[in-house]
Amino acid sequence: MKKYFILPLMASFAMVGFAQDFDTDPTVMIDNEKEDLHFTVGARMMADVAYYHSDFTPMKSGASLTDARLRASLTYKDWYFYADFGFGGGKFSQKNIFVQYTNKQDAGNHSVKAGYYNDPAGSMARNTSLGSYHFISRPGSTNALGEGRELGITYKFENNTWFAQQGVFTEDKYNSQEAGFNGVTVAGRWLYRPLNDNNETFHVGLNARYARIGGGVEYNNTLKKTLTLGQSLETFVDDTEQFVSCDIPWAKSTVDVGVEALYKNNKFFARGEYLFKYVAKERDSETLFIAAQNNIDAWGSIDYWIAANPIKDNKFHGGYLELGYLIFGKPYTYNNAEGLLGGLGGNSLELVARYNYTNLSNLIEGEYYSAGRDQYYPGGYMQDWPYNSAAISGGNIHSATIGANYSFNKFCSVMLNYTYHKLDRDKYSYDKNFHSLQARLLFQF
């Protein structure tokens, strides 16, 4: 009788305030065998300390409670319900909350998933839980160019050799954009696993995503949409994106394509991705030209106005390679159902290394950059005539990380990372070299 009272009570509490994208097995479980109900609860905490050194612009060294989460799940026959919520940084945030139905067959498993969760085309790294990641931060390129959680529905098929997940999403889970419609995304991730057994796994994959960007603001009788891309310097204590970021005005849609590969055996893993993003733009130039006639800088013709306000589609790209070697501990694992590498298990020690590259700049040859105005001039020198550039300068950055991770047991671990960044961005001409030394205490159950 006591079990039947505790189960609904905890379920009610969980759905009000639980959190997370764990990929570890839950430890606290309550079973109702008669009704075939299985309820779990769990939690995770990450506390980081970091020291930064830069050429000119300072970063804020210190310590931070970077993540705190609670999660709950309920399994009923072939149905799975999941919810997790975060409290990192002292702020409440909704993470994953979804329902999934799975039909298991000899040829493979078929699943339909609906709710708020990671876009499958968001990259292999973005789909891996941070609590099971082998570095303190995911690669910068995946944070800048990949996608995270969205509201949608997907269909997935997977067996030992194949993995395919595709679906439809909307970008604003609360339909809270200032103006315009919500935005629609079609995305998928597909893997082929020619080698996949208990000792070794090798997969290659492709992901693709098309997004019709929603939202926007009213601007001179038009709807102006701006897409923002950016990444931190692969850290959470000072997670500013000021050094590598850009705003892309008049964005209409994006096309994202990525390729990935992963190999792991019991003692070693190697994985990497390359990501490409194409941003198409659309602008009502005629309406904006008419609005520009109502001031002292009125233009003689729409052709002059377009020449002075050029618009150009943009292309961005990046990628990373990660390596890990297990000194001792339980062998590396691979999650067939998600196509992802698992985290450390039990008492373990590993060494890791990573290289990442992110390019968020689309510059135009021959243009002059004024640091004082943070503006590019198409004529090759500063001009008084009002004249805009189509250049995007979000920065190019190379990042190299080495680290060591020690797991005391399956619940608690510590991580240590050193990262060197080489930045190339006109806006920060005095900032070329960044160094960071970071440590993390992590527990989860």
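Residues numbered from 1 in each chain as written. Predicted model: local features only at pLDDT ≥ 70, side-chain atom pairs only at ≥ 80, totals over all residues. Heavy atoms only, no water.

## Notes on the overall build of the protein
In terms of regular secondary structure, the protein is built from five helices and 25 strands. A globule of 445 residues ought to have a C-alpha radius of gyration of about 22 Å, and the protein, at 24 Å, matches this closely. Taken over the C-alpha atoms alone, the protein extends approximately 80 × 45 × 45 Å along its principal axes. Relative to its full complement of 445 residues, the protein shows a buried share of 49%. Surface summary for the protein: the accessible area is close to 20,800 Å², and the carbon and sulfur share equals 58%. Here the protein holds 41 positive side-chain charges and 47 negative ones, and the gap between their average locations is 5 Å. (Helix = DSSP H or I, 4+ residues; strand = E, 2+ residues; numbered from the N terminus. Rg over C-alpha atoms; globule rule 2.2 N^0.38 Å. Buried < 20%, exposed > 50% of the residue type's maximum accessible area, 1.4 Å probe, protein only. Areas by Shrake-Rupley, 256 points an atom, 1.4 Å probe, with all protein chains shown as cover. Lys, Arg positive; Asp, Glu negative; His and termini not counted. Charge placed at Lys NZ, Arg CZ, Asp CG, Glu CD.)

## Thoughts on the nonpolar core
One finds Leu229, Phe243, Phe316 and Leu360 to be the most contacted residues of the largest nonpolar core, which totals 24 residues. Per element, the largest residue contribution to this core is three residues, and it comes from strand E14 (residues 244–249). (Core = buried A, V, L, I, M, F, W, Y, C linked by side-chain atoms within 4.5 Å.)

## Focus on unusual backbone geometry
Despite not being glycine, serine 123 has its phi angle at roughly 110°, a positive value. Among the secondary structure elements, serine 123 is positioned in the loop between strand E6 (108–118) and helix H2 (124–127). Residue class for serine 123 comes out buried when judged on its relative accessible area of 0%.

## Here's the deal with the pairing of strand E25 (residues 433–444)
The side-chain alternation of E25 yields one buried face, formed by Phe434, Ser436, Gln438, Arg440, Leu442 and Gln444, and one unburied face, formed by Asn433, His435, Leu437, Ala439, Leu441 and Phe443. Pairing of strand E2 (residues 37–54) with E25, which is carried by 11 bridges, proceeds in the antiparallel orientation. Residue aspartate 48 lies in a different strand from E25, and its bridge partner there is arginine 440. Note: strand E24 (residues 412–424) against E25, 11 bridges, orientation antiparallel. Within the sheet, the bridge partner assigned to leucine 416 lies in E25 and is alanine 439. (Pairing = 2+ DSSP bridges.)

## Observations concerning the packing of aromatic side chains
The description of two aromatic rings rests on the distance between their centres and on the angle between their planes. Scanning all chains against the criterion turns up 20 aromatic pairs. Taking the centre distance of 6.5 Å and the plane angle of 45° together, the rings of tyrosine 263 and phenylalanine 268 count as tilted. Since its relative accessible area comes to 29%, phenylalanine 268 is described here as partly exposed. Pairwise contacts between aromatic rings join Tyr80, Tyr82, Phe98, Tyr117 and Phe169 into one cluster. (Phe/Tyr/Trp six-rings, centres within 6.5 Å; stacked < 30°, edge-to-face > 60°.)

## Focus: the pairing of strand E7 (residues 149–158)
Where E6 lies against E7, 10 bridges are found, and the strand directions are antiparallel. Paired with asparagine 118 across the bridge in E7 is arginine 149. Between E7 and strand E8 (residues 162–170), which pair antiparallel one after the other, the connecting turn spans three residues.

## Describing the environment of glycine 214
Take glycine 214: it is sitting in the loop between strand E10 (201–212) and strand E11 (217–219). Owing to a relative accessible area of 11%, glycine 214 belongs among the buried residues under this scheme. In this structure, the C-alpha to C-alpha distance between glycine 214 and threonine 170, residues 44 residues apart in sequence, is 8.8 Å. Once residues within four sequence positions are removed from consideration, glycine 214 is found in contact with Glu171, Phe181, Asn182, Gly183 and Lys225. (Contact = heavy atoms within 4.5 Å.)

## Quick word on the confidence of the model for the protein
Averaged over every residue, the pLDDT of the protein is 90; residues scoring 70 or more account for 93%. Scored below 50 in pLDDT, residues 1–20 shows 49 contacts in the model against residues more than four places distant or in partner chains. (pLDDT = per-residue confidence, 0-100.)

## Some remarks on a nonpolar patch on the surface
A surface patch of nonpolar side chains, about 560 Å² in accessible area, is lined by Val112, Ile153, Tyr155, Val168, Phe181, Val184 and Val186. Put simply, the parts of the chain that give the nonpolar patch at least two residues each are E7 and strand E9 (184–196). By the element assignment, valine 112 lies in strand E6. (Patch = residues over 30% accessible without salt bridge, like charges linked within 9 Å, V, L, I, M, F, W, Y side chains within 5 Å. Salt bridge = Lys/Arg side-chain N within 4 Å of Asp/Glu carboxyl O.)

## Remarks on the side chain of threonine 142
Along the chain, threonine 142 falls in helix H3 (residues 140–145). Beyond its immediate sequence surroundings of up to four residues, threonine 142 is in contact with Ser123, Ala125, Arg126, Glu273, Leu275 and Tyr320.

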